[in-house]
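# Fold and geometry: a report
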Amino acid sequence: MQQVAYRYDGTFAGFLTCVYESYVNHEPPAAFLLSGDSLTLWEEREVDADEGKAKRVYARLKRVSPAFQKLIARGFLTCLPNRELDLYTLIRRGLAEGDRVRKDLSDPVMARVNLALTKMWTEWDHLKGFVRFSELDGVLVGEIEPKNRVLPLLAPHFADRFSGEQFILYDRTHREAIFYVNYNWAILPMEEFSMGGAGEEEKAFRDLWRRYFRTISIEGRFNPKCQSTHLPKRYRHVMTEFVTDEEMETAPTGQAMEAYGPGEKNKDMGRAKALNEGGKHHV
C-alpha cells in the first residue's frame, strides 16, 4: 500500500476524516500536515473535514469500547509530538485486536500516549487551582498558557463552579478561549487577546490577594525548591500573586510555546477549532 501525507485543518473531525479516507483508499499515513506546514517528499492528500465521515469513525471507535473512544479523543488534546500518527496506529490496532490494546503498556506507542495523557491530566488538575480570574465590567476574565489543549477539559469544571457568572478563559498557547454565558459554553478561536485595564475595585482585590499571599508566608521556613514542586514556575506569569497589574494587562502571548519541539508551535496554532463544536460530545 502506498503511504501518503494527509494535510488537514487540525481539528478532531478533520483527523477522523483522514482516518476514514485512509481506510477507504487503502493509503496509510506517512505524516499529518496542516496548511502552514512545510512540504514533504511524500505524496499529499488534501482532506476537508467531513462531519458525517468523522461521526462514522467515532462511532466505530466506541464499538471497540467507550474507554478506547475517550482515549483517542483525549489523546488528540495532548502536546505529544506526531500525536496523529500514534493515535492512528492505536486505532488500527484497536479495530483489529479490540480493547486489550488500551491496556498494553508494553507497546511503545500506547506507552507514549499514556504518558502524554498522564501529563495532560496533571496539567489540568494544576490549572483547576492555579487559574486566576479578574472581574472586568461584570465578566470574569482569566488567561492560561498550557502545553496541552486543556480548555475542553476545564470548561465543564469552571462552568459548574461559576454557573451563575459570565466568564472568559483565554489559552495563549493555542489562541482560543472559553466563553461562558447563560449556562452555555463554547470554545472559539482568538488570534489576539488583551485583558485590558481593571477598575479600582478589582485592583483593590488584587492587592488584598497579594498581601494575603505575602502575609501567610513564614520567612524562617521559606523554601523555594519546595514551593516550585507544588507550584511550578511556568504557571506563575499568569497568576495574580506573582505579577503586577501592568504585567497582567500587557503580557505577551506565546511564552509557553518555547516548551514545544520543532514544528509543534505551528501545528498546535492550527488546532483552534479542534473538538470545539464536538467538544461536549467527544471529551
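About the criteria used
- Residues numbered from 1 in each chain as written.
- Predicted model: local features only at pLDDT ≥ 70, side-chain atom pairs only at ≥ 80, totals over all residues.
- Heavy atoms only, no water.
- Helix = DSSP H or I, 4+ residues; strand = E, 2+ residues; numbered from the N terminus.
- Buried < 20%, exposed > 50% of the residue type's maximum accessible area, 1.4 Å probe, protein only.
- Lys, Arg positive; Asp, Glu negative; His and termini not counted.
- Salt bridge = Lys/Arg side-chain N within 4 Å of Asp/Glu carboxyl O.
- Contact = heavy atoms within 4.5 Å.
- Axes fitted to C-alpha atoms, helices over the stretch in contact; angles between N-to-C directions.
- Parallel < 35°, antiparallel > 145°, perpendicular 65-115°, else oblique.
- Left-handed = near helix turned anticlockwise from the far one by under 90°.
- Nonpolar A, V, L, I, M, F, W, Y, C, P; charged D, E, K, R; others polar.
- Core = buried A, V, L, I, M, F, W, Y, C linked by side-chain atoms within 4.5 Å.
- Right-handed = clockwise from strand over helix to strand, strands pointing away.
- Pairing = 2+ DSSP bridges.
- Patch = residues over 30% accessible without salt bridge, like charges linked within 9 Å, V, L, I, M, F, W, Y side chains within 5 Å.
- Areas by Shrake-Rupley, 256 points an atom, 1.4 Å probe, with all protein chains shown as cover.
- Phe/Tyr/Trp six-rings, centres within 6.5 Å; stacked < 30°, edge-to-face > 60°.
- Charge placed at Lys NZ, Arg CZ, Asp CG, Glu CD.
- Expected span 1.5 Å × (residues − 1).
- Arc of directions from axis to C-beta.
- Polar contact = N/O pair within 3.5 Å; in protein donor to acceptor, adjacent residues only side chain to side chain.
- pLDDT = per-residue confidence, 0-100.

This brings us to the side chain of Arg 236. Its location among the elements puts Arg 236 in the loop between helix H8 (224–230) and helix H9 (245–250). For the buried Arg 236, no salt bridge exists, and the shortest N-O distance to an oppositely charged side chain is 8.5 Å, to Glu 241. Those residues in contact with Arg 236 that lie beyond four places of it in its chain are Gln 227, Ser 228, Leu 231, Phe 242 and Val 243.

It is the contact of helix H3 (residues 66–75) with helix H5 (residues 108–130), at a shortest axis distance of 10 Å, that shows an interaxial angle of 70°. Classified by the interaxial angle, the pair formed by H3 and H5 is roughly perpendicular. Helix-helix and strand crossings are classified by hand; for H3 and H5 the assignment is left-handed. Note on element contacts: H5 touches H3 through Met 110, Val 113, Leu 117, Met 120 and Trp 121, opposite Leu 71, Arg 74 and Gly 75. In terms of residue class, the contact of H3 with H5 is built from six nonpolar, one polar and one charged.

What follows is about the nonpolar core. Within the largest apolar cluster, 60 residues are counted, with the highest numbers of intra-cluster contacts made by Phe 15, Ile 72 and Leu 169. Ranked by residue count, the leading element in this core is H5, at nine residues. If we skip the residues at most four places from it in the chain, Phe 15 touches Tyr 8, Phe 32, Ile 72, Phe 76, Glu 84, Leu 87, Tyr 88 and Ile 91. Val 141, Ala 177, Met 195 and Ala 198 belong to the second-largest nonpolar core, a separate cluster that totals nine residues.

The subject of this paragraph is the pairing of strand E1 (residues 4–7). Covered by surrounding structure in E1 are Val 4 and Tyr 6 together with Ala 5 and Arg 7, the residues of both alternating faces. This β-α-β element, E1 to helix H1 (residues 12–25) to strand E2 (residues 29–33), shows right-handed connectivity. As paired elements, E1 and strand E3 (residues 44–46) share three bridges and run parallel to each other. Paired with Tyr 6 across the bridge in E3 is Arg 45.

Counting through the fold element by element, Phe 167 comes out in strand E6 (residues 167–171). On the basis of relative accessible area, Phe 167 is assigned to the buried category, the value being 1%. Separated by twelve residues in sequence, Phe 167 and Phe 179 place their C-alpha atoms 6.1 Å apart. Residues in contact with Phe 167, not counting those within four places in the same chain, are Phe 133, Val 139, Leu 140, Phe 158, Ala 159, Phe 162, Ile 178, Phe 179 and Tyr 180.

Let us look at a nonpolar patch on the surface. Taken together, the side chains of Trp 209, Tyr 212 and Ile 216 make up a nonpolar region of the molecular surface, amounting to roughly 310 Å² of accessible area. Tracing the sequence through the fold places Ile 216 in the loop between helix H7 (200–215) and H8.

Let us look at the packing of aromatic side chains. Scanning the entire structure with this criterion turns up 18 aromatic pairs. Ring centres of Phe 133 and Phe 158 lie 5.4 Å apart, and the angle between their planes is 80°; this geometry places the pair in the edge-to-face category. On the criterion of sequence distance, the pair formed by Phe 133 in strand E4 (residues 133–136) and Phe 158 in helix H6 (residues 151–161) is long-range, its members being 25 residues apart. The burial state of Phe 133 is the same as that of Phe 158; both residues are buried.

Attention now goes to a negative patch on the surface. Taken together, the side chains of Asp 9, Glu 46, Asp 48, Asp 50 and Glu 51 make up a negatively charged region of the molecular surface. The residue Glu 46 is located in strand E3 in this model.

This part covers H6. Residues Leu 151, Pro 152, Leu 153, Leu 154, Ala 155, Phe 158 and Ala 159 constitute the buried set of H6. Close packing links the buried residues of H6 with H5, E4, strand E5 (139–144), E6, strand E7 (176–181) and strand E8 (184–189).

The subject of this paragraph is helix H2 (residues 51–64). With 14 residues, H2 should cover 20 Å at 1.5 Å per step; its first-to-last C-alpha distance of 20 Å lies within 8% of that length. Buried within H2 we find Ala 54, Val 57, Tyr 58, Leu 61 and Val 64. Buried residues in H2, looked at end-on, bunch into an arc of 100°, giving them a common side. Those residues of H2 that are exposed and aimed more than 90 degrees away from the buried face are Lys 55, Arg 56 and Arg 63. Regarding H2, its N-cap is Asp 50, as a side-chain oxygen of that residue lies 2.9 Å from the backbone nitrogen of Gly 52 further along.

Mean pLDDT over the chain: 85, with 87% of residues reaching 70 or higher. When the criterion is pLDDT under 50, residues 253–283 qualifies, and its contacts beyond four places in sequence or with other chains add up to 82 contacts.

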